[in-house]
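So you can see what is in the structure, the chains are spelled out below.
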Amino acid sequence: MEKKMKKGKVSAPMAEEGTKKRKMGERRETDSGKNASSKKWPLIKPKKNLQINRLKDTDLFTVQSFLTSAESKSFIKAAESVGFLHQGSLGPTKGEAYRDNDRISVNDPVLANIVWESGLNKLFSDIKIRGKVAVGLNPNIRFYRYKAGQRFGRHIDESVDLGDGKRTHYTLLIYLSGDSKARTKHDPNDSKDSSLEPLVGGETVFYGSRNGVVAEVAPTEGMALLHIHGDKCMLHEARNVTKGVKYVFRSDVVFA
């Protein structure tokens, strides 16, 4: 079910990135069996004056403080209460991107709309692709957890046809853990819970021609990372986590 790309590019596992035939929000059997309702997720306050930080004149940008520290931690707590399932792959020799992490996938249009309306809608108001405009997020919401030693190898994210003229064109990643000034030093629980340890590693790295590094994004609590996917997607990877736990909120920006 995997597709090997030219010049060593490998597509992400189908269970992860979806297939062009999958309809909006459809869950696979490998997803968490608990279809969490939006009532389990924290409320997100609309953000004002969000700024795009475009990286090296590419279709890749970050948004600092998209979520507050409290919102990020609440998402982590809620995700852990749902329960993660391990995701793996056979690796490049089988045409798959190497993958070792834990994952939740839920179909939640309400949550998707809340996140979109909290500020993403304004950031995408001037972005058009082939005459289409951004209309929201894919309600197929995913949460990732990377513990020490886990990573996601080099791959591209495929565009997903959602029907009715709708298609995904951007990947949305929101780091729920990472470097944060809000982290409490000398927390007595640090030695008891690895999720409270400072996150080391786990950078999202993008590659250009000849495998040159275009950008290296270190996880920062509450920061959003958006990049174009599909036929213009840059080869990228999530580097190995060496300490702590990396949590990520993942969806796709839908255009119509």
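Given the structure is predicted, the values throughout are model-derived calculations rather than measurements. The residue numbering used here restarts from 1 in each chain and proceeds along that chain's sequence as written. Note on the predicted model: pLDDT of at least 70 is required for a residue's local features to be given, and 80 or more for side-chain atom pairs to be given and counted; whole-chain, interface and lining totals, by contrast, use all residues. The side-chain values count all of the structure's non-hydrogen atoms but skip hydrogen atoms and water molecules.

Please give an account of helix α3 (residues 109-123) that cites residues and values.
End to end, α3 covers 20 Å across 15 residues, agreeing with the expected 21 Å (1.5 Å per residue, within 8%). At Glu117, α3 shows its strongest bend, of approximately 60°. Regarding α3, the residues found buried are Leu111, Ala112, Val115, Trp116, Ser118, Gly119, Leu120 and Leu123. Numbering of helices and strands starts at the N terminus; helices are DSSP runs of H or I of at least 4 residues and strands are runs of E of at least 2. Each residue after the first adds 1.5 Å to the expected span of a helix. At any given residue, the bend is defined as the angle formed between two axes, one fitted to the seven residues that end at that position and one fitted to the seven that begin there. Burial status follows relative accessibility: with a 1.4 Å probe on protein chains alone, a residue under 20% of its type maximum counts as buried, one over 50% as exposed, and anything between as partly exposed.

Let's hear about the confidence of the model for the protein chain: which residues, and what values?
Considering every residue of the protein chain, the mean pLDDT works out to 84; 79% of them sit at 70 or more. As a per-residue measure, pLDDT tells how confident the predictor is, with possible values from 0 to 100. It only takes one pair of heavy atoms within 4.5 Å for two residues to be counted as in contact. Counting contacts from residues 1-8, a segment whose pLDDT is below 50, to residues more than four positions away or on other chains yields 18 contacts. When the criterion is pLDDT under 50, residues 13-30 qualifies, and its contacts beyond four places in sequence or with other chains add up to 60 contacts.

So what's going on with the packing of aromatic side chains? Which residues, and what values?
Stacked, edge-to-face and tilted labels apply to pairs of Phe, Tyr and Trp rings (six-membered ring for Trp) whose centres lie within 6.5 Å, assigned for plane angles under 30 degrees, over 60, and everything in between, in that order. All told, the structure shown has 13 aromatic pairs when counted by the stated rule. Ring plane angle 85° and centroid distance 5.2 Å describe the contact between Phe124 and Tyr170, whose orientation is recorded as edge-to-face. With a gap of 46 residues between them, Phe124 in the loop between α3 and β5 (128-129) and Tyr170 in strand β10 (residues 166-175) connect regions that are remote in the sequence. The exposure classification of Phe124 matches that of Tyr170, with both residues buried. In this structure an aromatic cluster arises from ring pairing among Phe61, Trp116, Phe124, Tyr170 and Phe255. Look at NZ for Lys and CZ for Arg. If either is within 6 Å of the ring centre and within 35 degrees of the ring normal, a charge sits over the ring. One residue, Arg99, lies across the ring of Phe152, its end atom 5.1 Å from the ring centre.

Explain helix α2 (residues 69-82) to me, using residue names and the numbers behind them.
For α2, with 14 residues, the first-to-last C-alpha span of 20 Å sits near the 20 Å given by 1.5 Å per residue. Looking only at α2, the buried set comprises Glu71, Ser72, Phe75, Ile76, Ala78, Ala79 and Val82. Contacts from the buried residues of α2 go to β4 (99-107), α3, β7 (140-146), β10 and β17 (246-255). Immediately beyond the C-terminal end of α2, within one or two residues, lies Gly83, with a positive phi of roughly 105°.

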